[in-house]
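# Coordinates in review
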Amino acid sequence: LGVEILDFIKEKRFRIMIYYFSIALYIFCCGALIEFKDFNFMPTVKENISEQKSMDALVSYLKENGVNNAFAIDGMFQWMLTFYSNEGIICRWKSDKDRYPIYPEMVDKAFKENKPVALIWSNEEFYKLAHNPAIANKVVVIGHRYYVDLNPTKDFLKSLGFQFSD
């Protein structure tokens, strides 16, 4: 059986078939790149602002306010902020356990030491936190997409479902 397979691979017909398959795969991949070029996990905004510009504005605002650690209500957003800030801002989600355990520990440590932290979310239509009386006067909107509450209280974070290891 092995000899027959090797003979088939050596045949010109097989090489031509692989050549056409490669071209078809290349065309398919180009189509996928075009289709997903504007894909985003975040909800769309009315203004035509790129994700990079919005995220840069958020990172700049946080850095200006001395924030190097943040709590994110959106699970995917914790990784986006950490990535876009080149790990300059470490972000964690609600669970105190994570796939990279040092991140929740770092954010919790900063929170415990009263260093500046932020609560960040992007889907205001879903969470409706900007009008919560506990934080309504503190919420800042960045890039028409991100909502930031600087230095939230532990009780408020716990009421949103954040878990702490202490």
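### Examining the overall build of the protein
- Of regular secondary structure, the protein possesses seven helices and five strands.
- Across the 166 residues of the protein, 34% fall into the buried class.
- In the protein, the proportion of contacts linking residues at least 24 apart, taken out of those at least 6 apart, comes to 60%.
- In the form shown here, the protein has an accessible surface area of approximately 11,000 Å², with 60% of it arising from carbon and sulfur atoms.

### Quick word on a nonpolar patch on the surface
- Nonpolar side chains collect at one region of the surface, where I16, Y19, Y20, I23, Y26 and I27 lie side by side and expose about 680 Å² of accessible area between them.
- Mapping Y20 onto the fold places it in helix α2 (residues 12-35).

### Re the sheet that holds strand β2 (residues 90-92)
- Strands sit in the order β2-β1-β3-β5-β4 across an open sheet of five strands; the sheet is mixed. If you trace the sheet from one side to the other, it starts and ends with β2 and β4 (140-142), each paired once. On average, each strand axis in the sheet is inclined to that of its neighbour by 30°, with strand direction left out of account.
- Note: strand β1 (residues 69-72) against β2, three bridges, orientation parallel. Across the sheet, N69 pairs through a bridge with I90, a residue of β2.
- Sheet contacts for helix α3 (residues 51-64): β3 (117-121), β4 and β5 (146-150); angle to β5, the most-contacted strand, approximately 10°.
- The strands touched by helix α5 (residues 102-112) are β1, β2 and β3; relative to β2, the strand with the most contacts, the crossing angle is about 100°.

### Observations regarding the environment of N137
- Mapping N137 onto the fold places it in the loop between α6 (124-127) and β4.
- Separated by 12 residues in the primary sequence, N137 and D149 have C-alpha atoms spaced 9.3 Å apart.

### A closer look at unusual backbone geometry
- Of note, the phi angle at E87 is positive, near 60°, even though the residue is not glycine.
- On the basis of relative accessible area, E87 is assigned to the partly exposed category, the value being 49%.
- Phi is positive for N114, which is not a glycine, with a value near 60°.
- By secondary structure assignment, the location of N114 is in the loop between α5 and β3.

### Some details on the pairing of β5
- Buried residues dominate β5, accounting for four of its five residues.
- Examined bridge by bridge, β3 and β5 share four bridges and lie antiparallel to one another. Directly across from W121, in β5, lies its bridge partner Y147.
- Sheet topology note: the β4/β5 ladder contains three bridges and is antiparallel. Bridged to I142 within β5 is Y146.

Conventions adopted
- Residues numbered from 1 in each chain as written.
- Predicted model: local features only at pLDDT ≥ 70, side-chain atom pairs only at ≥ 80, totals over all residues.
- Heavy atoms only, no water.
- Helix = DSSP H or I, 4+ residues; strand = E, 2+ residues; numbered from the N terminus.
- Buried < 20%, exposed > 50% of the residue type's maximum accessible area, 1.4 Å probe, protein only.
- Contact = heavy atoms within 4.5 Å.
- Areas by Shrake-Rupley, 256 points an atom, 1.4 Å probe, with all protein chains shown as cover.
- Patch = residues over 30% accessible without salt bridge, like charges linked within 9 Å, V, L, I, M, F, W, Y side chains within 5 Å.
- Salt bridge = Lys/Arg side-chain N within 4 Å of Asp/Glu carboxyl O.
- Pairing = 2+ DSSP bridges.
- Axes fitted to C-alpha atoms, helices over the stretch in contact; angles between N-to-C directions.

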